[in-house]
Amino acid sequence: MKITQVTVNVLRVPVDRPYVAGGRTVDANWHVLARITTSDGVEGIGYIVYPRPDLMTTIGHAARELGEHLIGMNVLEPEAAWDRLARRGDWVGPGGLLHCALAPLDIAVWDAAGKTLGQPLHRLLGGYRDRLPTYASDGLWVSLSPAELAASAKRHVESGFGAVKLRLGKEATPELEARRVHAVREAVGPDVRIMVDAVESWSLARARHTGRVLQDAGIAWLEDPVHHLDVAGLAELRRQLEIPIAAGEHLYHLDAFRRLLEAQAVDVVILDLARVGGVTPWRKIAALAHAHRVPVCGHVVPEIQVHGLSAVPNGHMVEYVPRSAGILASMPRIEGGELVAPQAPGLGLELDEAAVRRYQVA
Ligand SMILES: [Mg+2]
C-alpha cells in the first residue's frame, strides 16, 4: 500500500475537428497525466485536461516535483497525501498552479486506493447511486451560427442526450442571444433541457437584461453570467431572475465556495476537479454545498466527475465533454440520458497506452 513510484507526463491529444473558443482555435486537449505505483503492484492514474497549451508543461513539471513527496506514503491515506503536497507548495498557493499540479496526483492516489480495496471510486467516496443525468456540452460553441448550433444540438439529442448546454455571450443584443436558444429549441423539441453558459461575458446590467430575455426563452440554467469574483452580482441576478444561476467552475478554494454559498449567489455549484485540487477537496466542497441545500455538477472530465457526483446526495448532472476519449480504451456508457459510473475498481478507466505514447510531449 506504500507509494513506491510516481511518474508524470504531458500529452497533447489532437481534437477531431478544431473549433474556436475564447477567441482561440482549439486544436488539441492538453493533459497532465500522473501514475502512481504501490508496493502491492497497483497502478493508479489521474489526469487533468485543458483545451490550451498555456502552462500545461509547467504544471507537468510542478506535478512531477510535488509527486516525489508521495513516495513512502500510504495510498489509503489520500487526506494525508494531499495535505503533505499542499504544505510543500503552499507558498505558491492556495489554488492556482498548485491545485492544478496537485489534482492529477490526488486523483491517481484515489484511483490506486480504489484498486487496492477492490471498490469503484464512487462507492469509496460515499456510494449514493451508480448513474446520473448527463448533458451534452461538446460542439455547442459560440463560434457556430444559430443553424449550425441547432444541428449540433439535434445530433446530441438523437444520440441519447436529454439536455444540452450552449455557450452564449458574443452577440450584440440579448435578443440575438435568445435567437440561438430559440433555434436549438425548434430543433430539439419541447422536452429537452437547454442550459446556457455565458462564460463570464457580460456586465451585470447586460446579464440582468439578457437573463430576462433568456428566461422567457425557457432555459434550464444560466451559467457564469458575470465574472466569478462578482459574488454580489451573482446574488443579485439570483434574486431578480426566475431561472437557476450556476457558477463555480473558476473557483479554486473551499473558502471561495463558502463565500459564494453564504451569499446565496447560486442555485447550482459547478466544480472543476483541476482547479479545486482533485477529489480530496472536491468532497468537502460538495458537502458544503449540501449543507446549503445546493446541488453540485461537474465541469468537464465526465468519466471522473461521474464518480464524485454519484457518491453524494446532492450530485445533480454530469457535463459530457469527452476530451480524454483519445487516450482511453473506452468512455463510460450513456443509458437513457444518464452516464453510468464505471463499476471496476478505482476510476474504472483503462488507458490506451499506444495513444498515450503517441501523444506524449514531455
Ligand atoms: Mg462553464
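Along each chain, the written sequence defines residue order, and numbers are assigned to residues from 1. For a predicted model such as this one, the threshold for reporting local features is a pLDDT of at least 70, and the threshold for listing and counting side-chain atom pairs is 80 or more; totals across whole chains, interfaces and linings nevertheless cover every residue. By convention in this description, side-chain values take in all heavy atoms of the structure and omit both hydrogens and water.

Trainee: Is there a simple way to think about the overall build of the protein in this case?
Mentor: From N to C terminus, the protein includes 13 helices and 13 strands. When the backbone C-alpha atoms are referred to their principal axes, the protein occupies close to 60 × 40 × 35 Å. Per-residue accessibility, obtained with a 1.4 Å probe over protein chains only, is compared with the maximum for each type, and a residue is labelled buried under 20%, exposed over 50%, and partly exposed between these values. Taking all 362 residues of the protein together, 55% fall into the buried category. Contacts: residue pairs with any heavy atoms within 4.5 Å of one another. If you take every contact in the protein between residues at least 6 apart in sequence, the share linking residues at least 24 apart comes to 69%. With an accessible surface of roughly 14500 Å², the protein has 50% of that area assigned to carbon and sulfur atoms. By the counting scheme adopted, Arg and Lys are positive, Glu and Asp are negative, and His together with the chain ends is not counted. Here the site of a charge means NZ on Lys, CZ on Arg, CG on Asp, or CD on Glu. Computed over 38 positive and 42 negative side-chain charges, the inter-centroid distance for the protein is 1 Å. Put simply, DSSP H or I for four residues or longer makes a helix, DSSP E for two residues or longer makes a strand, and each gets a number counted from the N terminus. In these tables, accessible area is a Shrake-Rupley quantity obtained with a 1.4 Å probe, and a residue counts as shielded only by the protein chains included in the view.

Trainee: Quick question: what am I supposed to make of the domain arrangement of the protein here?
Mentor: For interface size, the figure often reported is the accessible area lost on association. An automatic or database domain assignment is the source of the domain bounds shown. Each assigned domain of the protein is listed here: domain 1 (3–118) and domain 2 (122–340). Each side of the interface is counted separately: domain 1 has 27 residues, and domain 2 has 26 residues. The working definition used for a salt bridge is a side-chain nitrogen of Lys or Arg within 4 Å of a carboxyl oxygen of Asp or Glu. The tally of links between domain 1 and domain 2 comes to 2 salt bridges. Of the charged contacts in the structure, one is a salt bridge between Glu79 and Lys284, with a shortest N-O distance of 3.1 Å. Here a polar contact is recorded for every N or O atom pair within 3.5 Å, except that within protein the pair must consist of a potential hydrogen donor and a potential acceptor, and residues adjacent in sequence are included only if both atoms are side-chain atoms. Where domain 1 packs against domain 2, one counts 13 residue pairs in polar contact (both at pLDDT 80 or more). Put simply, the parts of the chain that give the side of domain 1 that touches domain 2 at least two residues each are strand E1 (3–21), strand E2 (24–38), strand E3 (43–50), helix H2 (78–88) and helix H3 (96–117). Looking at the side of domain 1 that touches domain 2 element by element, the count peaks at 11 residues for H3.

Trainee: Even after reading the chapter, I still don't get the coordination of the magnesium ion, so can you show me in this structure?
Mentor: At 2.0 to 2.2 Å from the magnesium ion lie its protein donor atoms, namely Asp197 (OD), Glu223 (OE) and Glu249 (OE). Donor selection uses N, O and S atoms within 2.8 Å of the metal (3.2 Å for Na, K and Ca). Since no water is included, sites may look incomplete. Site description for the magnesium ion: donor spacing in sequence, D-x25-E-x25-E. In this pair, Asp197 is assigned in strand E6 (residues 193–197) and Glu249 in the loop between strand E8 (245–247) and helix H9 (254–262), connecting sequence segments 52 residues apart. Looking at Asp197, the relative accessible area reads 4%, which means it is buried.

Trainee: Please explain the side chain of Asp272 as it appears in this structure.
Mentor: Relative to the helices and strands, Asp272 is located in strand E9 (residues 268–272). Within polar-contact distance, the side chain of Asp272 engages the backbone nitrogen of Arg275 at 2.8 Å. Looking at Asp272, its side chain comes within polar contact range of the side chain of His299, at 2.6 Å. Every residue in contact with Asp272, bar those within four places of it in the chain, is listed here: Tyr50, Glu249, His299 and Gln305.

Trainee: Please clarify how H9 should be interpreted in this entry.
Mentor: Every buried residue of H9 is accounted for by Ala256, Phe257, Leu260 and Leu261. Down the axis, H9 shows its buried residues gathered within 130 degrees of arc, on one side only. In the core, the buried residues of H9 are packed alongside helix H8 (231–240), E8, E9, helix H10 (273–276) and helix H11 (279–291). Backbone geometry just downstream of H9 places Gln264 in the positive-phi region, at approximately 50 degrees. This arc is built from the directions going out from the helix axis to the C-beta atoms.

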